[in-house]
Amino acid sequence: MATRSHDSGRRNFFKLTGAAALGALGASPPLRGGQAVAKSSRGLPPLKITDVRVIVTSPGRNYVLVKILTSEPGLYGVGDATLNGRELAVATALEKHIAPLLIGRDPDQIEDTWQYLYRGSYWRGGPVQVTAVAGVDLALWDIKGKRAGMPLYQLLGGRTRVGALAYTHASGRDFVEVEDAVRRGMERGFKCVRAQVAIPGLEGTYGTSARRKSEETAGRVDQQGELPETEIFEPSPYLRIVPKLFEHLRAKLGDEVELLHDTHEKLAPIQAARLARELEPYHLFFLEDLLRPEHKESFRLIRQHSTTPLAMGELFNSIWDCVPLITEQLIDYIRCGVSHIGGVTAARKVAALAEAFQVKTAWHGAADLGPPVHAAHVALDISIPNFGVQEMVFFPEVTREVIPGGPTFKDGTMDVSDAAGLGTDVNEELAKKYPYRRSYLPTARRQDGAVQDW
Ligand code: KDG
Ligand code: MG
C-alpha cells in the first residue's frame, strides 16, 4: 500500500499561473490562479484543496483511491481511479503530475478542474490519464455533496426512478452449469442475468469458470504476483456454441428472465453480425462489446443484419468515442465505466447525448471498479431519464471493510443511501494492511499462436 500526499506547503499553485495578466483583462468574476474565483456558496466560506492522497491497496484485489482534503477541517472526498493491471501507472500520474496542480484550487469548481486537467495537459485522453482525472472528479463530487448535505443523485437533478435494474453474471463449463448459475441469480432476486459458457476443447473462454483465471478472478489477491495467463480462443466453435446456449436457456427458463451476453471485443465485424442475427430468436436484453473499440464504423454492418439490441463501450475513454455510435443510433446501450470515461462530469454528458438519440445507459460495473465508482453509477442511474440496466457485483467483506459504503441491492434493483456525497469512504489505516501486488488481466491467443483480443 502506498499513501502519498501533496500538501499545500510543498508548492504554491498561484505562482505558476498568469493570474495578474488574466485579472488585467477585467474578467468578472475575478480570476485567481487561472481559475475564476467563485462567490461564496450559500454563505459558506471559500474552500481550498489542501492535500491529495493516492492510496493503492489490495483488499481482495488492487484498487487506486484518491482522497482529497480541504481547508475545512474534516471535509474530504474519496474517488476511485482503478485501472485493472495498470494501477501503478494511474497512481503515478496522479501523484507526480496531477496532485501538484490541485493544491489551492477551489474544490467546488469541478467542471473547471476537469477541463483544466483533461485539456490542460495537452496530451489528452487515454485510459491512464482519463482514469486519473476521474478519480479526482469523483472525489470532488463527493466533497460537493457533503458540503451541500445531499447525496450525489440530488445534485444531478433528483430521483427519476425507485431503483436501478441490475444484472449479475452466470457462467459454467456446459449449458446445465450455466442454467444452474442463472437460476441462482434469479433466486437471489435478479431479473437480468449475463450468461457465458466455455468453448469445449479450448483452453478457457472469457467470462467462464472453466479455468482458474476468469475475468472475475483475474486481479484477485489469490491470482496476484504472476505474469498474465494465456487463454485460447477460436471464433468458429464460439460462434457455434453461443446460440445453442441461449436456445437451451430459453427452453429451460422461459421468456421472462432477461438474458445478456458479453463477446468482449473478440469478433471480426462479419462474425459479429452473424452472432447478432443468430441470437435474434432468443431475445437478448443486449449483446455486449461485439467489436474492438477501434472499429466503431463496423457497427453499421451489424445493424444491417440484426435487430438484437447492442451495447458497447467499456474500453471507451471519452465522449468522442461514444459520439458516432450514439448519433447514428448504431447501439442501444452505452456501457462505459464512469471512472474510465472521465468521472461523473464526463458521464453525465455521455448520458445526455445518449438521451437525445434514445440510447440508454448500462455503466460497466465490474469488480475491478471500486465502490465509489459503483456508487456514482447508481447515482446517475436513478437521476437520469435514459437509464437502461446496471451491471453489479457483491464485494467481499474485506473490500467493504477497507472501502466502506456503496450501493445496496434488493429485489433485482440497486439503490444508494441518502448519505451526503457518494456515500463511500476509505479506511486508510486498514488499507495499509493490504499492500499492492502486481497482477495482470489474462491475454489470449489463437490455436496457431497468434495474438487474439482477450
Ligand atoms: O478488467 C476487465 C474487466 O473489467 C472486464 O473484463 C469486465 O467485460 C467486463 C464486464 O462486462 O464486466
Ligand atoms: Mg464487458
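Anything mentioned here points back to the structure above.
Residues numbered from 1 in each chain as written. Chains lettered and ligands numbered in written order. Predicted model: local features only at pLDDT ≥ 70, side-chain atom pairs only at ≥ 80, totals over all residues. Heavy atoms only, no water.

Chemist: Any chance you could explain the nonpolar core here in plain terms?
Modeler: What tends to happen in soluble globular proteins is that the nonpolar side chains get buried as a cluster. By size, the foremost hydrophobic cluster in this structure holds 107 residues, and its most contacted members are Ile68, Leu94, Val182, Phe246 and Ile334. It is helix α4 (residues 127–148) that provides the largest number of residues to this core, a total of 9 residues. Excluding its chain neighbours within four sequence positions, the residues that come into contact with valine 182 are Ala170, Val193, Ala195, Leu249, Leu253, Val257 and Leu259. Leu65, Leu69, Tyr76 and Val426 belong to the second largest nonpolar core, which has 13 residues in total. (Core = buried A, V, L, I, M, F, W, Y, C linked by side-chain atoms within 4.5 Å. Buried < 20%, exposed > 50% of the residue type's maximum accessible area, 1.4 Å probe, protein only. Helix = DSSP H or I, 4+ residues; strand = E, 2+ residues; numbered from the N terminus. Contact = heavy atoms within 4.5 Å.)

Chemist: Is there a simple way to explain the coordination of the magnesium ion (ligand 2) in this structure?
Modeler: Angles between donor atoms at a metal ideally measure 109.5 degrees for a four-coordinate tetrahedral arrangement and either 90 or 180 degrees for a six-coordinate octahedral one. Of the protein atoms, only Asp262 (OD), Glu288 (OE) and Glu314 (OE) coordinate the magnesium ion (ligand 2), at distances of 2.0 to 2.2 Å. Sequence spacing among the residues donating to the magnesium ion (ligand 2) works out to D-x25-E-x25-E. Separated by 52 residues along the polypeptide, aspartate 262 in strand β10 (residues 258–262) and glutamate 314 in the loop between β12 (310–312) and α10 (319–327) bring together distant segments of the chain. Overall, glutamate 314 belongs to the buried group, its relative accessible area being 10%. (Donors = N, O, S within 2.8 Å, 3.2 Å for Na, K, Ca; no water.)

Chemist: Teacher, can you tell me more about the packing of aromatic side chains here?
Modeler: For any pair of aromatic rings, geometry is given as the distance between the ring centres together with the angle between the planes. A complete count under the given rule lists 13 aromatic pairs for this structure. Here tryptophan 114 and tyrosine 118 contribute two aromatic rings whose centre-to-centre distance is 4.7 Å and whose plane-to-plane angle is 10°, an arrangement assigned as stacked. In this pair, tryptophan 114 and tyrosine 118 both sit in helix α3 (residues 110–120), 4 residues apart, roughly one turn of the helix. We classify tryptophan 114 as buried; its relative accessible area is 8%. A residue is classified by how much of its surface remains accessible, and tyrosine 118, at 6% relative accessible area, is buried. Consider the rings of phenylalanine 190 and phenylalanine 409, whose centres lie 4.3 Å apart with planes at 20°: the pair is stacked. A residue pair is termed long-range when its members are at least 10 positions apart, and phenylalanine 190 in the loop between α6 (175–187) and β8 (192–197) and phenylalanine 409 in strand β16 (residues 408–410) qualify at 219 residues. Judged by relative accessible area, which is 3%, phenylalanine 190 ranks as buried. An aromatic cluster of at least three residues, connected via ring pairs, comprises Tyr167, Phe285, Phe286 and Tyr333. Positioned above the aromatic ring of phenylalanine 233, the side-chain terminus of lysine 266 is 5.1 Å from the ring centre. Here the basic side chain of lysine 349 rests over the ring of tryptophan 114, its NZ or CZ set 5.6 Å away from the ring centre. (Phe/Tyr/Trp six-rings, centres within 6.5 Å; stacked < 30°, edge-to-face > 60°. Lys NZ or Arg CZ within 6 Å of the ring centre and 35° of its normal.)

Chemist: For this particular structure, what's the right way to read helix α8 (residues 269–278)?
Modeler: Think of an α-helix as 3.6 residues a turn; residues three or four steps apart then line up on the same face. Within α8, burial applies to Ala272, Ala273, Leu275 and Ala276. Viewed along the axis of α8, the buried residues span an arc of 165°, placing them on a single side of the element. Check the buried side of α8 and you find it contacts α7 (235–253), β11 (286–288) and α9 (299–305). (Arc of directions from axis to C-beta.)

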